[in-house]
Structure formats: C-alpha cells, structure tokens
Amino acid sequence: MTGRPRWSALNSYVVSVTASGGVLLLAFAFSGGAAALPHMPAAFWLLSLLMLIGETSHIAMPSSGHREGITTATCLCLAVLLGWGVAPAALVLAASSVTSDLFRRKEPRKVLFNAAQYAIALAACGAVLAAFGVRPPFDVRNLPPFFLAALAYLFVNKVLVRIAVALHQQVPLDLRQLRGTGVEILPEAILVAMAPLVLVVAERSAWLTLLLPLPMIGVHLASRAAVDAEANRAAAEAAVANARVIAAEQARLAQAEQAVARRLQESERLKENLLATVSHELRTPLAGMLGAIATLEQRGHLLSPELRQEFVSMAGRQGKRLRELIEDLLLAATLEQVPSERLLSPPVDAAFLAREACEQLRRAHPHQPVVASLDGSLPVRAAPDAVLQVLSHLLDNATKHSPESAAIFLEARRRGEHALISVQDAGPGVPLAERERIFERFIRLDGGDTTRRGGGVGLGLFVARQLARSQGGDLRVGEPVAAQAGARFELLLPLASEPVERPPIETPLAPVAPARGAAVPEVAAPDAS
C-alpha cells in the first residue's frame, strides 16, 4: 500500500510561479492585450507564426535536462514587444509555449509552468522599458533601454529555470551558473541584436517577413553546431581525464607489481637465509646431543660415573638449546601471521619482573656479573609472561656479546608516562645505520664480534619487539650511558594509573642496586661456584 506523495518544495515553487504567471497573463489579457489581437496587422501574425515554429525547434544545452536552452522565439518575441507592446507579446509567446509543449506531450504542470515563466520574464522586460518611458512604436533612440530590458528578460528567465532545477535535483542554487558559457551567450546576443532588425523588416513589408526564416535557420544551425562542439569538447575533456586516471592507475599497478616483486625477492632471500641459518644452528646442538648419547650408548660402561654424568648434562644442555631455537621459530611465525592482542590484565610491577629476569640470568649464567638499578614500583598493564620473555631475550643477547668478566647493566625506572627497562652489555655495540635492521627476521650482526657466545637464528630481537608492541609498548636501541660501552636496548611500557602489590618472591633474588641517587648501591655479581 502506497501513501500519498509528500508535498515538496519543488511543488510549492511550481505552484507559486504558475499562479504568478497566470495572474500576469490575465492582467495582460484584460488590460487590452486580448482585445487588440484581432486588429493586429499581418506582420504581427507572421512573426507570431515564426515564434511558434521557433519555440518548437528548441535547442537544449548539453546535459541541461530542463527547459532552458536556445530558441529563435526569443528574437521574434522581443520584436513583437518592441512593435506592439508587452501584453500582446506575452499572450502570443505563452500561446506558442503551450502549443509547443502540448505537441511534445509534456506534463500539464510543466506546460503551465513554462507559459507562466515566459509571462514573468516579459513582465520584467516591460517594467524596464516602462521605467525608461519606452513605448511603441520603436525608435532607434530606444536601443539602450531595449538592451537593458532584454537583459532583464534573459536574467529572470534563467533564474526561474535554475531554481526549479536546483529544487528538482535537491542541490544548492549556484548563481555562478547564471553567467552561462560562450555557447549560450553568443547565440543569445545575436538573437537579441536581431530583434530590432526583424521588427523593421516586418513593418516595412509583410512579404519581406517571409524571408526572416532564412537568417533564423542560420542562427539555429550555428547554435546547434556550437552546442554539438561544446558537447564534443566536454566529451574530449572527459576522455582525457579518464585517460589520466587510467594512466595513474596503471602506474600505481606497476609500482604495486614492482613492490610485490621486491617482496618476493626479499622473501626468497629470507627463505634462503632461513634454510642456511636454521640448518646450521639446529644441526649444531642436535649433533652435540646425538654425539653425547652415542658415546654413552657405545662406551658408557667404560666411563667413570663423573664422565657419564658430564655427557648426560651435555646432552641436556644441547637439547635445551635445540628446544629454545625451535620455540623462537614457532613464536616468530605466530607473531607474524596472527599478531598478539593486548590483554586487559591487572597491573603488574615491571620492576619486580626485572628482578625475576635478573634471577633467571644468574641461574643460567652464574659467572656473568649483573648490575641492576630499580626505581621502586613500576605498575604496568601487561602480560607478565610477555614482559619476562622480552627481558629474557635482551639479557640472553647481552650475555652473547659480553665477555664473561664484564658486567651487564639492567635499569628499571620511570620516563614520563612509561616504564623504562634498559639492558646494556659490554660488547661492540650496534652501528647507527643498523639500529632498525637488527629487529628484522634472521638478521645477525656477527661481524668481527669475538665476544659472541652461543648460536641463534636471528629471531630474538624480532620476537622481543613484536611482544613489546603487542603489550602497547615498544623496544628500541638507545644510546649507551657510559663512554665506549656496548649496546643498550630500551623496553618502554605504558604505566598503569592504579597501584600494584608485589607478589611474594618464591626464590631468593641476588642483591640488586637501588635506583641511582640512593644511599647504598649494591652490585649483583655472584661469585663463581
């Protein structure tokens, strides 16, 4: 079931213009215009007939889609207005418009609107002539007021049509369109200028009026050619714009293809590096573990209990190293394909997690000195396992690049709205140009580093940064705090607003130094055992 159509602003405007134009036409008819029609000369009726023909041969502007356009009826209507007054001209033009629209089977409201529109425009034209005291018959001295009146006629006509189009398309009225283009202005200027000439010819001889269709046809054909040329120009500009868009898209696709090709080459290079690195790094602990087991299997009965235990410990260490390498590979693949989501876990103490990481390092590397400086409680909202894993990677990386006698420095303090945990080793450091590259997959800056201990596939820092970013933080290379120091890595985590209680410590921690500026600093440098 459909409801009644809603009354729109366009309907109100059409009714208003139609009513106003209808009142004007009635005023023109009852003011003597209708009574004067039977007494008009033959020239008047010949011009009226030509006006009807011109109105039926309307030339629409490109993409106009409405009544506005170019018609030779304008010239004939102005000629009638100059010769016999506004009222007869308005009545004849309205009759020509209605006849033409009915012939074209237009809607009744459009038929009435067009006739009313012409009546209002001619009323404006007549008002300008009356203001200058111009009345029939036409005189050459009346040309300046006539051209002003013709301009008023064209302006009012355009405004009425533009308002209707804007309401129909539901867009704001753009008054700049009233200026028109060269295609519109030149034919309209010619038709206005011809109006006095047409009147002079018609008044001189009715038979000469029959020759007027020839120049009218010329103007019509010239206007049609200009309109077609404008349409072709617009089509050419659209084609050029479309070609530019296509060229830009092709260039973008070419760049995308080049980027894909570079990524494929890089992927191929990384795959080759991965195969070479993984095969080497996995083979080393595997060979050590298998060698120890084979020795125990073949010669275990000949070895002392101490040697057998040493071979068992060796196999265990190599197996643990092999497990760590495999876990790094799996974690890197997981973080790359499915990035970790930050958990809304309760706040944890980053300083406590730093102490835990120090204790794990002490147990794993009892001969490696560690100096820790902790700045009280540092509540952060992060997953404890992720933070511990990042610190474990950093400390493990520090032990690989530091001599056994050199200390590793760990610091945890506040920096603005973040908790800063830094790890600094005593190795050769990281060149400035490589400070971002080392966080890529399978990148190892071995170079001439003679202090590096242990292997690796170049995934530790990649995994550590991905884990840090998954917790809302970041991992970067900082500037060493001491001259000729090694590499300094800084883990930044956003501080939580609420406090946190430190959980109980289940294992005894090595002594750590308080924050810089505290009264009694201590160094966590366990004795060898």
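Just so it is clear, the structure is predicted and the values come from calculations on it, not from any experiment.

(A) Seen up close, the environment of Cys 125. In this fold, Cys 125 is placed in helix α5 (residues 108-131). Take Cys 125: its relative accessible area is 0%, and that puts it in the buried class. Between the alpha carbons of Cys 125 and Val 86 there is a distance of 8.2 Å; along the sequence they are 39 residues apart. The contacts of Cys 125, once residues within four sequence positions are left out, are Leu 78, Leu 81, Ala 149, Ala 150 and Tyr 153.

(B) Fine view of a nonpolar patch on the surface. Residues Leu 208, Leu 211 and Leu 214 make up a contiguous nonpolar surface patch of roughly 290 Å² in combined accessible area. Tracing the sequence through the fold places Leu 211 in the loop between α8 (206-209) and α9 (213-299). Look at Leu 211 and you get partly exposed, because its relative accessible area is 48%.

(C) Representation of the packing of α5 against helix α6 (residues 143-169). Closest axis-to-axis distance for the α5/α6 pair is 8 Å, and the angle between their directions is 150°. Comparing their axes, α6 and α5 come out roughly antiparallel. Judged by the sense of rotation from one axis to the other, the crossing of α5 with α6 is right-handed. Listed contacts from α6 to Phe 113, Gln 117, Tyr 118, Ile 120, Ala 121, Leu 122, Ala 124, Cys 125, Val 128 and Leu 129 of α5 are Pro 145, Phe 146, Leu 148, Ala 149, Ala 150, Ala 152, Tyr 153, Val 156, Asn 157, Leu 160, Val 161 and Ala 164. Taken together, the residues that form the contact of α5 with α6 break down as 20 nonpolar, 2 polar and no charged.

(D) Spotlight on the packing of aromatic side chains. Per the stated rule, a full pass over the model turns up 5 aromatic pairs. Relative to Trp 84, the ring of Phe 44 lies with its centre 5.5 Å away and its plane at 80°, an arrangement referred to as edge-to-face. With Phe 44 in helix α2 (residues 42-56) and Trp 84 in helix α3 (residues 73-84), the pair connects residues that are 40 residues apart, well separated along the chain. Residue Trp 84 is classed as buried on the basis of its relative accessible area of 19%. Here the aromatic cluster, defined as three or more aromatic residues joined through ring pairs, consists of Phe 44, Trp 45 and Trp 84. Over the ring of Phe 439 we find Arg 465; its NZ or CZ atom is 3.9 Å from the centre of that ring.

(E) Spatial organisation of the nonpolar core. Residues Leu 47, Met 51, Trp 84 and Tyr 153 are the most contacted members of the largest nonpolar core, which totals 59 residues. Every element with two or more residues in this core is listed here: α1 (9-36), α2, α3, α4 (86-103), α5, α6 and α7 (182-204). Not counting residues within four places of it along the chain, the set of residues in contact with Trp 84 comprises Met 40, Pro 41, Ala 43, Phe 44, Leu 47, Ala 79, Pro 136 and Leu 199. Counting 44 residues, the second largest nonpolar core, distinct from the first, contains Ala 350, Ala 357, Ala 398 and Ala 487.

(F) Inspection of the pattern of salt bridges at higher detail. On inspection of all chains with the given rule, the structure shows 15 salt bridges. Between Glu 359 and Arg 362 there is a salt bridge; the shortest N-O distance is 2.8 Å. Taken together, the residues Glu 359 and Arg 362, both in helix α11 (residues 350-364) and 3 residues apart, mark about one turn of the helix. Taking relative accessible area as the criterion, Glu 359 reaches 2% and is therefore assigned buried. Of the charged contacts in the structure, one is a salt bridge between Glu 411 and Arg 488, with a shortest N-O distance of 3.5 Å. Here the residue Glu 411 occupies a position in strand β6 (residues 408-415), and Arg 488 occupies one in strand β9 (residues 488-494), the gap between them amounting to 77 residues. Grouping residues by exposure puts Glu 411 and Arg 488 together as buried.

(G) Up close: the pairing of strand β7 (residues 418-424). In terms of burial, β7 is largely enclosed, as 6 of its 7 residues are buried. Two strands pair when backbone bridges link them, and β6 and β7 are joined in this way by 7 bridges, in the antiparallel orientation. Counted as the bridge partner of Arg 414 is Ala 419 from β7. In this structure, the hairpin formed by β6 and β7 is closed by a connection of 2 residues, where Gly 416 is found at a positive phi of approximately 65°. Pairing of β7 with β9 involves 7 bridges; the strand directions are antiparallel.

(H) Representation of the confidence of the model for the protein in the model. For the protein, per-residue confidence averages 76 on the pLDDT scale, and residues scoring 70 or more make up 76% of the total. Confidence, expressed as mean pLDDT per element, reaches its minimum in the protein at strand β10 (residues 513-514) with 38 and its maximum at β9 with 91. A low-confidence stretch, residues 447-452 (pLDDT under 50), is modelled with 11 contacts involving residues beyond four sequence positions or located in other chains. Predicted confidence for residues 503-529 stays below pLDDT 50, and this span has 50 contacts to residues more than four positions away or in other chains.

About the cut-offs
Residues numbered from 1 in each chain as written. Predicted model: local features only at pLDDT ≥ 70, side-chain atom pairs only at ≥ 80, totals over all residues. Heavy atoms only, no water. Helix = DSSP H or I, 4+ residues; strand = E, 2+ residues; numbered from the N terminus. Buried < 20%, exposed > 50% of the residue type's maximum accessible area, 1.4 Å probe, protein only. Contact = heavy atoms within 4.5 Å. Patch = residues over 30% accessible without salt bridge, like charges linked within 9 Å, V, L, I, M, F, W, Y side chains within 5 Å. Areas by Shrake-Rupley, 256 points an atom, 1.4 Å probe, with all protein chains shown as cover. Salt bridge = Lys/Arg side-chain N within 4 Å of Asp/Glu carboxyl O. Axes fitted to C-alpha atoms, helices over the stretch in contact; angles between N-to-C directions. Parallel < 35°, antiparallel > 145°, perpendicular 65-115°, else oblique. Left-handed = near helix turned anticlockwise from the far one by under 90°. Nonpolar A, V, L, I, M, F, W, Y, C, P; charged D, E, K, R; others polar. Phe/Tyr/Trp six-rings, centres within 6.5 Å; stacked < 30°, edge-to-face > 60°. Lys NZ or Arg CZ within 6 Å of the ring centre and 35° of its normal. Core = buried A, V, L, I, M, F, W, Y, C linked by side-chain atoms within 4.5 Å. Pairing = 2+ DSSP bridges. pLDDT = per-residue confidence, 0-100.

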